[in-house]
Amino acid sequence: MSAPSWFGHRRIDLIECGSTNDEAAALARAGAAHGTIVIAQRQTAGRGRDGRAWVSPPGGLYLSAVLRPAIAPADVPPLTLAIGVAACDAAREFGAPAELKWPNDLYVRGKKLAGVLVEAQSQAGRLEVVIAGIGVNLATTPELDTATAIGNVDRERFIARLCAQLETWIDRYVGAGIAAIAPAWRDRMMRDLVLRAGELVGTLAGLDDDGALLLQSDDGRVHRIRSGDVAVLPRLRSS
Ligand code: BTN
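Let us look at the structure shown here. (Residues numbered from 1 in each chain as written. Predicted model: local features only at pLDDT ≥ 70, side-chain atom pairs only at ≥ 80, totals over all residues. Heavy atoms only, no water.)

1. Structural notes on the pattern of salt bridges
Summed over all chains, the structure comprises 16 salt bridges. Measuring nitrogen to oxygen at the nearest pair gives 2.7 Å for the salt bridge that ties R186 to D209. Placement of R186 in helix α4 (residues 182-188) and of D209 in the loop between β9 (200-207) and β10 (213-216) is noted, with a sequence separation of 23 residues between them. Since its relative accessible area comes to 55%, D209 is described here as exposed. Measuring nitrogen to oxygen at the nearest pair gives 2.8 Å for the salt bridge that ties D210 to R226. (Salt bridge = Lys/Arg side-chain N within 4 Å of Asp/Glu carboxyl O. Helix = DSSP H or I, 4+ residues; strand = E, 2+ residues; numbered from the N terminus. Buried < 20%, exposed > 50% of the residue type's maximum accessible area, 1.4 Å probe, protein only.)

This is the structure we're talking about:
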């Protein structure tokens, strides 16, 4: 895979900021081009999905990109899956056996390694900009009590590979849609999980062709989950 041509062609490096997604959104409002990225060494108000905080000590990678893809607003949510595949492949290149958890998490041996936060702005039914934020735990720090990190990684080499993977998978998604992403996502997904989605508890049954999560409840029915939070539950073992 060659060096990226558009992803990261303009790069802003910050020692500290509140959230790189906010910095990238401000750049987008000022007209920043597709592929502009912001990277911070630490964040004071990093955020994840559903208003959760994303603990962002030095040693992690906090990267947000301004994207202006030619897609409809309704096609933004599956972009998270494409970005997850890209981050997973970058982590694997550095020896971390990363796996995907729907819709936006990367895990290694059951512990969280990275997360994706995609935020979009549309006007009159037209997508204006997407801000794609990725947080990756590169180094183990005391703040990451239940999470995990890649460890022993050259930060700049990792950024270069992540940017190259992101360009590849985003281009695939924009060019060919979720059909070009779903098989790769299935190959990399965490398996054998019990999940809770709202009131529903079930075992992971896979990913549908349109990017919806498939969850099988105890009565055998398979449910399609298209949005919302999904929690991993411990498996009850009989002794
Ligand atoms: C999640 O797991 O819920 C998503 C976490 C996303 C964190 C990244 S770090 C870079 C960017 N800036 C933020 O404030 N959030 C994203």
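2. Considerations on the packing of aromatic side chains
Counted by the stated rule, this structure contains two aromatic pairs. Ring geometry for F94 versus F158: centroids 5.3 Å apart, planes at 65°, classification edge-to-face. Of the two residues, F94 is situated in the loop between α2 (79-93) and β4 (99-101) and F158 in helix α3 (residues 155-176); the sequence distance between them amounts to 64 residues. Like F94, the residue F158 is buried in the burial classification. R172 extends its terminal NZ or CZ atom over the ring of W169, reaching a point 4.4 Å from the ring centre. (Phe/Tyr/Trp six-rings, centres within 6.5 Å; stacked < 30°, edge-to-face > 60°. Lys NZ or Arg CZ within 6 Å of the ring centre and 35° of its normal.)

3. So, the site of the ligand
Lining the immediate environment of the ligand, one finds 21 residues, of which S19, Q43, R47, R49 and K112 sit closest. Take N104: an N or O atom from its side chain is 3.4 Å from an oxygen atom of the ligand. Relative to its free-state accessible area of 410 Å², the ligand is covered by the protein chains to the extent of 99%. Secondary structure elements with two or more residues in the shell around the ligand: α1 (20-29), β3 (60-67), β6 (111-123) and β7 (126-137). At four residues, β6 tops the list of elements feeding residues into the shell around the ligand. Its residues assigned to classes, the shell around the ligand comprises six nonpolar, eleven polar and four charged. (Near = heavy atom within 4 Å. Polar contact = N/O pair within 3.5 Å; in protein donor to acceptor, adjacent residues only side chain to side chain. Areas by Shrake-Rupley, 256 points an atom, 1.4 Å probe, with all protein chains shown as cover. Nonpolar A, V, L, I, M, F, W, Y, C, P; charged D, E, K, R; others polar.)

4. A short note on the packing of α2 against α3
One way to put it is that α2 packs onto α3 with a least axis distance of 8 Å and a crossing angle of 145°. Where α2 crosses over α3, the two elements pack in a sense that is right-handed. Residues L79, A82, I83, V85, A86, A87, D89, A90, A91 and E93 of α2 form the contact with α3, whose participating residues are F158, R161, L162, Q165, L166, W169, I170 and Y173. Considering only residue class, the contact of α2 with α3 consists of 14 nonpolar, one polar and three charged. (Axes fitted to C-alpha atoms, helices over the stretch in contact; angles between N-to-C directions. Left-handed = near helix turned anticlockwise from the far one by under 90°. Contact = heavy atoms within 4.5 Å.)

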